[in-house]
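Letter by letter, the chains look like this.
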Amino acid sequence: MKKLIFTLLLALPTFYFAQEEKPKESPNAKECDLPKDFKEPIKNNRLKKFVAIDNGVDEKEVIIIRAQNGFGSGIYTACVKGQSIQYQKMGTVFMREGKNPFNNAK
């Protein structure tokens, strides 16, 4: 019985690592696979212009796929060149999600 357990302990890691790894697709890539008849949830030219400038692309290449508007705030997801990027709005200012515009530490 001890030999069987010992053999399994040695063999299982070998089987685990011998499995073929599938290339991992970014969840962002699937999010930007939109149907031809997709309509943007909101029409916000200021947001599109900001996203275009922030990513160095033309406004026509920016597609807003998700929008959650609140009173003076909002969270938006935009597709730019096949990548989804989240932005947030605080008051009248847009910024990329996770970036702190007030962090001046160097």
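What counts and what doesn't
- Residues numbered from 1 in each chain as written.
- Predicted model: local features only at pLDDT ≥ 70, side-chain atom pairs only at ≥ 80, totals over all residues.
- Heavy atoms only, no water.
- Helix = DSSP H or I, 4+ residues; strand = E, 2+ residues; numbered from the N terminus.
- Buried < 20%, exposed > 50% of the residue type's maximum accessible area, 1.4 Å probe, protein only.
- Arc of directions from axis to C-beta.
- Polar contact = N/O pair within 3.5 Å; in protein donor to acceptor, adjacent residues only side chain to side chain.
- Disulfide = S-S within 2.5 Å.
- Phe/Tyr/Trp six-rings, centres within 6.5 Å; stacked < 30°, edge-to-face > 60°.
- Salt bridge = Lys/Arg side-chain N within 4 Å of Asp/Glu carboxyl O.
- Pairing = 2+ DSSP bridges.

Colleague: How should I be thinking about the environment of Gly-82 in this particular structure?
Modeller: For Gly-82, the position within the fold is in the loop between β2 (73–80) and β3 (83–90). Gly-82 sits in the partly exposed class, given a relative accessible area of 39%.

Colleague: Mind showing me how you'd approach helix α3 (residues 45–55) here?
Modeller: Side chains that are three or four residues apart share a direction in an α-helix, a result of its 3.6 residues per turn. Where α3 is concerned, the buried positions are Leu-47, Lys-48, Val-51 and Ala-52. The buried side chains of α3 occupy one side of the element, clustering within an arc of 130 degrees when seen end-on. By the N-cap criterion, in which a side-chain oxygen at the helix start approaches the backbone nitrogen of a residue two or three places on, α3 is capped by Asn-44, the distance to Arg-46 being 3.2 Å. Note on α3: the residue one or two positions beyond its end, Gly-56, has a positive phi of about 70 degrees.

Colleague: In this structure, what is going on with the state of the cysteines? I would like to understand it.
Modeller: The bond known as a disulfide is covalent and runs between the sulfur atoms of two cysteines. Tallied over the entire structure, the rule returns 1 disulfide. Disulfide pairing is shown between Cys-32 and Cys-79; the S-S distance is 2.0 Å. As the torsion about the S-S bond is roughly -95 degrees, the Cys-32-Cys-79 disulfide counts as left-handed. In this pair, Cys-32 sits in the loop between α2 (27–31) and α3 while Cys-79 sits in strand β2, placing the two residues 47 residues apart along the sequence.

Colleague: Looking at this structure, how should I read the packing of aromatic side chains?
Modeller: The relation between two aromatic rings is expressed through the spacing of the ring centres and the mutual angle of the planes. Per the stated rule, a full pass over the model turns up 3 aromatic pairs. When the ring of Phe-50 is compared with that of Phe-94, the centres are 6.3 Å apart and the planes differ by 35 degrees; the resulting orientation is tilted. Placement of the pair is Phe-50 in helix α3 and Phe-94 in strand β4 (residues 93–96), with a sequence separation of 44 residues. Exposure remark for Phe-50: the relative accessible area of 30% places this residue in the partly exposed category. Here Tyr-76 and Phe-94 contribute two aromatic rings whose centre-to-centre distance is 6.0 Å and whose plane-to-plane angle is 65 degrees, an arrangement assigned as edge-to-face. With Tyr-76 in strand β2 and Phe-94 in strand β4, this pair connects stretches of sequence that are 18 residues apart. On the basis of relative accessibility, which here comes to 2%, the residue Tyr-76 falls in the buried class. Clustering of aromatic rings is evident, with ring pairs tying together Phe-50, Tyr-76, Tyr-87 and Phe-94.

Colleague: Could you clarify how one ought to interpret the pattern of salt bridges in this entry?
Modeller: Oppositely charged side chains can pair when the atoms bearing their charge come close. Applying the stated criterion across every chain yields a total of 3 salt bridges. Across the pair Asp-54 and Arg-96 runs a salt bridge, and its minimum N-O distance is 3.2 Å. In this pair, Asp-54 sits in helix α3 while Arg-96 sits in strand β4, placing the two residues 42 residues apart along the sequence.

Colleague: Help me understand the pairing of β2 in this model?
Modeller: The side chains of a regular strand alternate, first on one face of the sheet and then on the other. With 6 of 8 residues buried, β2 is to be regarded as a mostly interior element. Two elements, strand β1 (residues 62–70) and β2, share 8 bridges in a ladder whose sense is antiparallel. Following the sheet pairing, Gly-70 is matched in β2 by Ser-73. Where β2 meets β3, 8 bridges bridge the pair, whose relative direction is antiparallel. The residue bridging Ala-78 from the neighbouring strand is Ile-85, located in β3. With antiparallel pairing between neighbouring strands as the criterion, β2 and β3 make up a hairpin whose turn holds 2 residues, including Lys-81 at a positive phi of roughly 50 degrees.

Bear in mind that shape data such as this cannot, by itself, settle questions of function.
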